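Next come the chains, spelled out residue by residue.
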Amino acid sequence: MAKGYWIARMDVFDPENYIKEYVSRNAEPIAAHKGRFLVRGGKATQVEGMMRDRNIVIEFPSYDDALACLNSPKYQEAMEFRRQYGRGDLVIVEGYDGPQPGQS
């Protein structure tokens, strides 16, 4: 079964409250749905398009788990705080399990 991923690019205009209010609330629902941060901020180089303050990639056991986390009441509550202190883009994608370049 292919994994599911949240790919988020965020601009944070109130970092103190973003961490205090949003980050402190998102841990429980992400953990409950077995989410695992692969990217959480860190260095980034803009190659094309618009740069954002933060880039985040969270891996879930499946696409359905990724959606279930987003739609959970606990995450929906956390998201209300995120929207107060930042804005950005969030997509949920299904991973790819097929052949890789150079494989038959």
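Before any of the text, the structure's been laid out above.
Since the structure is predicted, the reported quantities are computational estimates derived from the model, not experimental observations.

**Regarding the nonpolar core**
- In terms of nonpolar packing, the biggest core is built from 19 residues, with W6, Y18, Y22, I58, F60, L70 and Y75 touching the most fellow members.
- Of all elements in the fold, only β1 (4-12), α1 (15-32), β3 (54-60), α2 (63-71) and α3 (73-85) reach the threshold of two or more residues within this core.
- At five residues, the largest contribution of residues to this core is made by α3.
- Residues contacting W6, with those up to four places away along its chain left out, are I30, I56, V57, I58, F60, A66, C69, L70, Y75, L90, V91 and I92.

**Describing the packing of aromatic side chains**
- Taken as a whole and judged by the stated rule, the model has four aromatic pairs.
- Residues W6 and Y75 carry aromatic rings whose centres are separated by 4.8 Å and whose planes lie at 65° to one another, so their mutual orientation is edge-to-face. Taken as a pair, W6 in strand β1 and Y75 in helix α3 lie far apart in primary sequence, 69 residues in all. Y75 matches W6 in its accessibility class, with the two residues each being buried.
- Through successive ring pairs, a cluster of aromatic residues spans W6, Y18, Y22, F60 and Y75.

**Overview of the packing of α1 against α3**
- Between α1 and α3, whose axes approach to 8 Å, the crossing angle comes to 160°. Between α1 and α3, the crossing angle belongs to the class labelled roughly antiparallel. In terms of crossing hand, the pair formed by α1 and α3 is left-handed. Where α1 approaches α3, its residues N17, Y18, E21, Y22, R25, N26, E28 and P29 are matched on the opposing element by K74, Y75, E77, A78, M79, F81, R82 and Y85.
- Within the contact of α1 with α3, the residues separate by chemical class into eight nonpolar, two polar and six charged.

**Some points on α3**
- Across its 13 residues, α3 extends 19 Å between first and last C-alpha, which sits within 8% of the 18 Å expected from 1.5 Å per residue.
- Those residues of α3 not exposed but buried are Y75, A78, M79, F81, R82 and Y85. The arc that holds every buried residue of α3, seen down its axis, measures 160°, which confines them to one face.
- The inward-facing, buried residues of α3 abut β1, α1, α2 and β4 (86-94).

**Regarding α1**
- In this model α1 runs 25 Å from its N-terminal to its C-terminal C-alpha over 18 residues, within 8% of the 26 Å that 1.5 Å per residue would give.
- Buried residues along α1 sit against β1, β2 (36-40), β3, α2 and α3.
- K34 lies just past α1 and shows a positive phi near 60°.

What counts as what
- Numbering of residues starts from 1 in each chain and follows the order in which that chain's sequence is written.
- Under the rules for a predicted model, residues below a pLDDT of 70 receive no local features and side-chain atom pairs below 80 are neither given nor counted, while totals for whole chains, interfaces and linings still include all residues.
- Hydrogens and water molecules were not included; the side-chain quantities draw on all heavy atoms of the structure.
- Buried residues of nine kinds, namely Ala, Val, Leu, Ile, Met, Phe, Trp, Tyr and Cys, make up a nonpolar core once their side-chain atoms join them within 4.5 Å.
- Remark: exposure states derive from per-residue accessible area (1.4 Å probe, protein chains only) relative to the maximum for the residue type, with buried under 20%, exposed over 50%, and partly exposed in between.
- Secondary structure elements are taken from DSSP: a helix is a run of H or I of four residues or more, a strand is a run of E of two residues or more, and numbering for both begins at the N terminus.
- Note on contacts: a residue pair is in contact if any heavy atoms of the two residues lie within 4.5 Å.
- By convention, a stacked pair of Phe, Tyr or Trp rings (six-membered ring in the case of Trp) has centres within 6.5 Å and planes under 30 degrees apart, an edge-to-face pair has planes over 60 apart, and any other such pair is tilted.
- For helices, the axis comes from a line fit to the C-alpha atoms of the stretch in contact; other axes are also lines fit to C-alpha atoms, and the angle between any two N-to-C directions lies between 0 and 180 degrees.
- Angles are sorted into four bins: roughly parallel if under 35 degrees, roughly antiparallel if over 145, roughly perpendicular if 65 to 115, and oblique for all others.
- Handedness of each helix crossing follows the sense of rotation of the near helix against the far helix: counterclockwise by less than a right angle gives left-handed, clockwise gives right-handed.
- Any residue outside Ala, Val, Leu, Ile, Met, Phe, Trp, Tyr, Cys, Pro, Asp, Glu, Lys and Arg is labelled polar, Gly included; the first ten of those are nonpolar and the last four are charged.
- In this scheme, a helix's expected span is set at 1.5 Å multiplied by one less than its residue total.
- Arc definition: it is the arc formed by the directions from the helix axis to the C-beta atoms.

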